[in-house]
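# A structural walkthrough
The residues making up each chain are set out below.
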Amino acid sequence: MGCDGGTIPKRHELVKGPKKVEKVDKNAELAAKWKYCALSQEKLRRPIVACELGRLYNKDAIIEYLLDKSAERPNAEAVTHIRGIKDIKELNLTDNPEWEGERRNAKGDRYEDIYCGMFICPVVGLEMNGKHRFCFLQSCGCVFSDRALKEVKTEICHKCGDPFKDEDIVVLNGTKEEVQKLREKMEERRAKAKPKKSKKSKAVETVSTPTESKEASQSPAVDVTGRKSQQNGDESSQSDVAGPSGASSSSKGSKLLLTSATKRSIQDMEEKSEAFKSLFTTHSSAKRSKDQISNWVTHTPYHF
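Fair warning: this is a prediction, and the values are worked out from it, not measured in the lab.

## Let's talk about the packing of aromatic side chains
- Under the counting rule described, the total for this entry stands at one aromatic pair.
- Ring centres 6.4 Å apart and planes at 65 degrees place the aromatic pair Trp34 and Phe134 in the edge-to-face group. Here Trp34, found in helix α2 (residues 26-34), pairs with Phe134, found in strand β6 (residues 134-137); they are 100 residues apart in sequence, far enough to count as distant. The residues Trp34 and Phe134 share a single accessibility class, namely buried.

## Quick look at the side chain of Asn129
- Following the sequence through the fold, Asn129 ends up in the loop between β5 (119-120) and β6.
- Beyond its immediate chain neighbours, meaning those up to four positions away, Asn129 contacts Leu30, Trp34, Tyr115 and Gly117.

## Brief notes about the side chain of Asp87
- Here Asp87 lies in the loop between α3 (59-67) and β3 (88-90).
- One polar contact links the side chain of Asp87 to the main-chain amide nitrogen of Arg83, over a distance of 2.8 Å.
- Beyond its immediate sequence surroundings of up to four residues, Asp87 is in contact with Cys51, Glu52, His81, Ile82 and Arg190.

The rules behind these values
Residues numbered from 1 in each chain as written. Predicted model: local features only at pLDDT ≥ 70, side-chain atom pairs only at ≥ 80, totals over all residues. Heavy atoms only, no water. Phe/Tyr/Trp six-rings, centres within 6.5 Å; stacked < 30°, edge-to-face > 60°. Helix = DSSP H or I, 4+ residues; strand = E, 2+ residues; numbered from the N terminus. Buried < 20%, exposed > 50% of the residue type's maximum accessible area, 1.4 Å probe, protein only. Contact = heavy atoms within 4.5 Å. Polar contact = N/O pair within 3.5 Å; in protein donor to acceptor, adjacent residues only side chain to side chain.

What follows is the structure in structure tokens.
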């Protein structure tokens, strides 16, 4: 057995039993949820935002994720439900006066309270450290403890005074069951927000398109300059007098109108182009004739 030197082994050293299940430290779990960003795993710092499922994030991390979703991140699965900046809400938090920051125990000679939170409930004064349930309002973003909302039942926010409903209350870092309920509410809300075209509107659109095409075809011919041709009115009066025999003459008149309109438009374009070209020195009008050009005279003065 290898017991040289008078060693006496114990039973647990020789017999290997089943491995114990590793338990997660509750303090570490609470600190990870309430003091660190759920996406970047960095410490929470203002501005702090929350999603519709009640998770806490740094606003900078969410903006970086929305700008580049293809980049690798440590916990990208926690933000797959966030489509844009409208899916998050910036929180209106109340600072804890007893919170001294990270430098309070720089030397290591003081007692460090793990459960001391950076923020508190403005009504009851409970610290937001994970021991107590906290909620936020989607309407204004203010954060309160669950005890404050139950004890003081109002439809107006205790901090900013904005009205809210029970549907606007979202639990922060809730249990799996609460997160599942919040996810179902989120999906229902998004399904209702999607615009749906009714059958009546589609029918109106289909009816309006052929009527507009008919009106366009029946409208009289208009010149390029935007003025109605007077000849078209004369021809219409002649066709009314002549009856069915004047149909061919009206068609010929419309053709003549079109040709005359095109000729006028071409002439107008040529006149405009000539006027535009005359602004430059390379145009023929800007060039001088030989009579207008003065000869160069060289004069060498002599100063004595």
